[in-house]
Amino acid sequence: MTNTTLSTCSVIKIEGGKPLKGKVRISGSKNSVLPLLFSTLLTSDTCLIEDSPDLLDVKNTVDLLEFLGAKVQKSGKALKVFPRDVHSFQTPIETVRKMRASVLSMGPLLARFQRAVVGLPGGCSIGKRPIDQHLKFFSKAGAKVEIKEGYIFLEVPYKKPVDFSFDIITVTGTENAMLYLSSVKGKSVLRNIALEPEVMDLARALRKMGVKISLKGRVMEIEGKEDLSGFVHKVIPDRIEAGTFMVATVVTGGEVIIENVRLDHMEAVVAKIREVGGQVENLGNGRVVVSRNLKDLKPSYVETAEYPGFPTDMQAQFGVMLCIAKGRSEIYERIFENRFQHFFELKKMGAKVEINGRRVSIEGVDRLKGAKVNSTDLRASASLVIAGLIAEGTTIVKDVHHLDRGYERLEEKLKKLGASVERLRLSGYEI
Ligand code: EPZ
């Protein structure tokens, strides 16, 4: 046999039909710890970030901070960042390709060096993901912005306060502007900002650094200063991981105590879970118990929206629930233009869905059937794992490296809850 090197890939193998039972602790929020890590570039003091999740995106961000000259120490779930020796204002294109959230380096690097050169992020599987609003902000703030050879070149001769209104609500666009303005003296105003809990968590950390930030509706006033201090900050719980476990518990008909939950960050998700027949009971101290109080889950209409609306990052997971609800449901994905790819995989498992642009209609079926399915992005992977938990027989979810970007050892947490799930490395022939 020719010794061709067989391609291998990590897969998750699931035997469906086991209800989840027990206790699980939610990790710190991926979409909060990333901007918090970038905020350390604004100071020379040491910063301590507690309850950081152990994720690929966090590792990539730490690698970038170290590439820029910072030192980072990890002890348990805490990251101690020493940004004193940050010397570079360049974020390589490879880094941005690996993790598009690296665009969050633009604001702090421009603030620190009055220059920044950052790789231009491409689109990804869920959409084109332009950053025109980020660049429009930097231009309005007085920066020269040039794009050439796949890089964004920013330069600001002197930093001045600005009154800027976003044309559309953007999470990392808001965060980039906040990071930049944190070191701009004088009062700036940002209008039509994102209000996600992760954005508010960043604001809390920036206040600890000495930035004055006040909020009225979607208008934020920011008064920055040059010599920002370090901070100690505990990352908020990951509301999307919590929502993922709630859906998994309800669809499997189990009962799980979920710890480290901020229910106040999950009102839209919990309301929908209760509407279709899930039960979410607040036990206090960040603990909830989730179960299912209807044998037949009810269909629903879900429209994704900016916070506090139903989060697009929960659309795929919730969609699996609707695939086994009794009746016809509809999802309208308002945030991203291509975030239904997981439904093509769910159809291989017997789901009855019709996709029409940003809308999908779902006819509930009694049971999904195990199959080999491909994951295309982080939340799609999670939805396929959930589908495997309830499908008849065996499901193989391929390309689960997507999962590792946003979930801390998901299969281990599920196994502890009684799921029959394991991660394998399969070679080309087996896949
Ligand atoms: C953040 O991405 C999150 N990522 C995403 O989570 C999340 O899905 C998204 O917000 C929406 O909630 C992080 O926080 C690291 P946007 P972001 O800018 O900031 C359009 C996950 O699974 N837009 O709020 O990139 C854009 O195309 C990830 O954890 C522009 O047109 O999202 C999209 O349609 C996936 N121009 C919409 O706005 C811009 O300049 C919202 O995007 C910026 C955005």
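Residues numbered from 1 in each chain as written. Predicted model: local features only at pLDDT ≥ 70, side-chain atom pairs only at ≥ 80, totals over all residues. Heavy atoms only, no water.

**Re the side chain of D313**
Along the chain, the position of D313 falls in the loop between β18 (301-303) and α10 (315-323). Here D313 falls in the buried class, since its relative accessible area comes to 17%. Looking at D313, its side chain comes within polar contact range of the side chain of R339, at 2.7 Å. Contacts of D313, omitting those with residues within four sequence positions, involve N31, I240, R339 and R379. (Helix = DSSP H or I, 4+ residues; strand = E, 2+ residues; numbered from the N terminus. Buried < 20%, exposed > 50% of the residue type's maximum accessible area, 1.4 Å probe, protein only. Polar contact = N/O pair within 3.5 Å; in protein donor to acceptor, adjacent residues only side chain to side chain. Contact = heavy atoms within 4.5 Å.)

**With respect to the packing of helix α8 (residues 239-252) against α10**
As a packed pair, α8 and α10 sit with axes 9 Å apart at the nearest point and diverge in direction by 10°. As summarised for this structure, α8 and α10 are arranged roughly parallel, according to the angle between their axes. Contact residues: I240, T244, V247, V250 and V251 in α8; Q317, F318 and M321 in α10. Looking at the contact of α8 with α10, its residues break down into six nonpolar, two polar and no charged. (Axes fitted to C-alpha atoms, helices over the stretch in contact; angles between N-to-C directions. Parallel < 35°, antiparallel > 145°, perpendicular 65-115°, else oblique. Nonpolar A, V, L, I, M, F, W, Y, C, P; charged D, E, K, R; others polar.)

**Considerations on the domain arrangement of the protein chain**
Looking at the assigned domains, one finds that the protein chain contains domain 1 (2-27 + 237-425) and domain 2 (30-234). The C-alpha-based centres of domain 1 and domain 2 are spaced at 30 Å. At the boundary of domain 1 with domain 2, total buried surface from both sides reaches about 2,000 Å², with 45% on carbon and sulfur atoms. On the domain 1 side of the contact with domain 2, Y307, R405 and E408 bury the most area, a combined 30% of that side's loss. Run the count over domain 1 and domain 2 and you get six salt bridges. (Domains from an automatic or database assignment. Buried area = accessible area lost by both parts, 1.4 Å probe. Salt bridge = Lys/Arg side-chain N within 4 Å of Asp/Glu carboxyl O.)

**Re unusual backbone geometry**
Only a minority of non-glycine residues have a phi that is not negative, and only a minority of peptide bonds are not trans. Residue P308 is bonded to the preceding Y307 through a cis peptide linkage, with omega at 10°. Structurally, P308 is set in the loop between β18 and α10. One non-glycine residue with positive phi stands out, namely D399, at about 55°. Take D399: it is sitting in the loop between β23 (394-398) and α13 (401-406). With phi around 50°, R409 is a residue other than glycine that occupies positive phi space. Along the chain, R409 turns up in the loop between α13 and α14 (410-416). Overall, the relative accessible area of 38% leaves R409 in the partly exposed class.

**Describing the site of the ligand**
The local shell around the ligand holds 19 residues, among which Q133, T170, T172, D313 and I335 are the closest. Within the side chain of K30, an N or O atom sits 3.0 Å from an oxygen atom of the ligand. Contact between the ligand and R129: an oxygen atom at 3.1 Å from a side-chain N or O atom of the residue. Notes on the ligand: free accessible area 830 Å², of which the protein chains cover 87%. At the level of secondary structure, the elements contributing two or more residues to the shell around the ligand comprise α1 (30-39), α5 (132-140), α6 (171-181) and α12 (378-390). No other element matches the three residues that α5 contributes to the shell around the ligand. When its residues are assigned to classes, the shell around the ligand shows seven nonpolar, six polar and six charged. Residue assignment places the shell around the ligand across two domains, with domain 1 (2-27 + 237-425) and domain 2 (30-234) each supplying three or more. (Near = heavy atom within 4 Å. Areas by Shrake-Rupley, 256 points an atom, 1.4 Å probe, with all protein chains shown as cover.)

**Examining the nonpolar core**
In terms of nonpolar packing, the biggest core is built from 68 residues, with L37, M106, F137, M178, Y180, L190 and L206 touching the most fellow members. For this core, the leading source of residues is helix α7 (residues 197-209), giving seven residues. The next biggest cluster of nonpolar side chains, apart from the first, holds 66 residues, and it includes V247, V261, V397 and A419. (Core = buried A, V, L, I, M, F, W, Y, C linked by side-chain atoms within 4.5 Å.)

**Side note on the packing of helix α4 (residues 106-113) against α6**
The geometry of α4 relative to α6 is characterised by a closest axis approach of 7 Å and an angle of 15° between their N-to-C directions. Overall, the two elements α4 and α6 adopt an arrangement that is roughly parallel. Classified by chirality, the crossing of α6 by α4 is right-handed. Contacts between α4 and α6 involve M106, G107, P108, L110 and A111 from the first element and N176, L179 and Y180 from the second. For the contact of α4 with α6, the per-class residue count stands at six nonpolar, two polar and no charged. (Left-handed = near helix turned anticlockwise from the far one by under 90°.)

**Describing α7**
With 13 residues, α7 should cover 18 Å at 1.5 Å per step; its first-to-last C-alpha distance of 19 Å lies within 8% of that length. By the criterion of burial, α7 is predominantly enclosed, with ten of the 13 residues buried. All of the buried residues in α7 are P197, E198, V199, M200, D201, L202, A203, A205, L206 and M209. For α7, the elements touching its buried residues are α1, α6, β12 (212-216), β13 (219-223), β14 (232-234) and α8. Positive backbone phi, approximately 115°, marks G210, located one or two places after α7. (Expected span 1.5 Å × (residues − 1).)

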